[in-house]
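Working through the structure, step by step
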Amino acid sequence: SMAYFPMCVNLYDKPVFCIGSGPQIQDKLEKLVGFGAKIRLLKHLTEEDLSEHPALVIAGDLKEEEAEQISLLCREHNIPVNVVDVTRLCTFFFPALIKKGELTVSVSTGGSSPMAAGVLRRQIEESIPDNTEDILQWLGERRELLKEKGILKKATEQALVLNRPLTKKECDLLIEV
């Protein structure tokens, strides 16, 4: 089988349709909440609904025939679709996610073992420095300046090792090296 390419998509203020219910759909909705999508819960999916150009469609806990129809409709309109727990009807999978501010890490097994992805996600999450959000904000505010001085890579590495933003003095020392 082919591995799936991980891709980061801006869902902020974009429509995402959910058809069906149950704990599986609830789990997907919880993952989407932190990304600002406009989530619409629908009883059924029609061709007319797709005129709104949803960024994603998620379906779950449906009869096989309806799930197949939704998957086909989305594929015909080039809309990414996830039919929960029916790999053959999906054009994308939900990864196991780690989200800390602007940092998002996804772990996927291409649908072969969501359980393994979850276990690996926890292991990776434990290795991420506690102050990553502060470090990323600090780097974001100074990125151009650090690039100009030729120390962006060194400053990033040192901040992550120290688990905090660098002081001006520490940055100045990196320039001299």
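Since the model is a prediction, treat every value here as computed from it, not as a measurement. (Residues numbered from 1 in each chain as written. Predicted model: local features only at pLDDT ≥ 70, side-chain atom pairs only at ≥ 80, totals over all residues. Heavy atoms only, no water.)

Let's shift gears to the layout of surface pockets. The computed volume of the largest pocket comes to approximately 800 Å³. Together, 24 residues line the largest pocket, and M7, V9, F92, F93 and P95 are the ones closest to its centre. When residues of the lining of the largest pocket are assigned to their parent elements, the largest contribution, 3 residues, is made by strand β6 (residues 103-107). Grouping the amino acids of the lining of the largest pocket by side-chain chemistry returns 18 nonpolar, 5 polar and 1 charged. (1 Å grid on protein atoms, 1.4 Å probe; cavity = no way out; pocket = protein on both sides within 12 Å on 5 of 7 lines; lining within 4 Å. Points joined across faces, edges and corners; volume = space filled by probe spheres on them. Helix = DSSP H or I, 4+ residues; strand = E, 2+ residues; numbered from the N terminus. Nonpolar A, V, L, I, M, F, W, Y, C, P; charged D, E, K, R; others polar.)

Turning our eyes to something else, we now look at unusual backbone geometry. Non-glycine residue N78 carries a positive phi angle of around 55 degrees. Relative to the assigned elements, N78 resides in the loop between α2 (64-76) and β4 (81-83). Of the residues examined, N78 reaches a relative accessible area of 70% and is grouped as exposed. One non-glycine residue, N163, adopts positive backbone phi at about 65 degrees. (Buried < 20%, exposed > 50% of the residue type's maximum accessible area, 1.4 Å probe, protein only.)

On to the packing of aromatic side chains. Tallied over the full model, the rule gives 2 aromatic pairs. A centroid spacing of 4.6 Å and a plane angle of 65 degrees characterise the contact between Y4 and F93, whose relative ring orientation is edge-to-face. Remark: F93 occurs in the loop between β4 and β5 (96-100) and Y4 occurs in the segment before β1 (15-20); sequence separation between them is 89 residues. Its relative accessible area of 41% is what places Y4 among the partly exposed residues. According to the relative accessible area criterion, F93 is buried, its value standing at 16%. With a centroid separation of 5.5 Å and 45 degrees between ring planes, the pair formed by F92 and F94 is classed as tilted. For F94, a relative accessible area of 17% puts it in the buried group. (Phe/Tyr/Trp six-rings, centres within 6.5 Å; stacked < 30°, edge-to-face > 60°.)

Of all 5 residues that make up strand β3 (residues 56-60), 5 are buried, and the element is covered over most of its length. Every second residue of β3 is oriented toward a common face, with L56, I58 and G60 on one face and V57 and A59 on the other, all of them buried. In terms of strand pairing, β1 meets β3 through 5 bridges, oriented parallel. Within the sheet, the bridge partner assigned to V16 lies in β3 and is L56. Pairing of β3 with β4, which is carried by 3 bridges, proceeds in the parallel orientation. When the bridges of β4 are listed, V57 appears paired with V81. A crossover connection joins β3 to the parallel β4 through α2; in handedness this β-α-β unit is right-handed. (Pairing = 2+ DSSP bridges. Right-handed = clockwise from strand over helix to strand, strands pointing away.)

Moving on: the nonpolar core. In terms of nonpolar packing, the biggest core is built from 17 residues, with I19, L45, V57, I70, C74 and V83 touching the most fellow members. Elements with a contribution of two residues or more to this core: β1, β3, α2 and β4. What I70 contacts, discounting residues up to four positions off in sequence, is I19, L45, V57, A59, L62 and V81. With 12 residues, the next largest nonpolar core counts V16, L29, I58 and V84 among its residues. (Core = buried A, V, L, I, M, F, W, Y, C linked by side-chain atoms within 4.5 Å. Contact = heavy atoms within 4.5 Å.)

Our next topic: the environment of P6. With respect to the secondary-structure elements, P6 resides in the segment before β1. In this structure, the C-alpha to C-alpha distance between P6 and F93, residues 87 residues apart in sequence, is 9.5 Å.

What follows concerns the confidence of the model for the chain. Should pLDDT be low for a region, the predicted coordinates there are not to be read in detail. Put simply, the chain has an average pLDDT of 92, and 98% of its residues get 70 or more. No element of the chain has a lower mean pLDDT than helix α1 (residues 22-33), which averages 87, and none a higher one than α2, which averages 97. (pLDDT = per-residue confidence, 0-100.)

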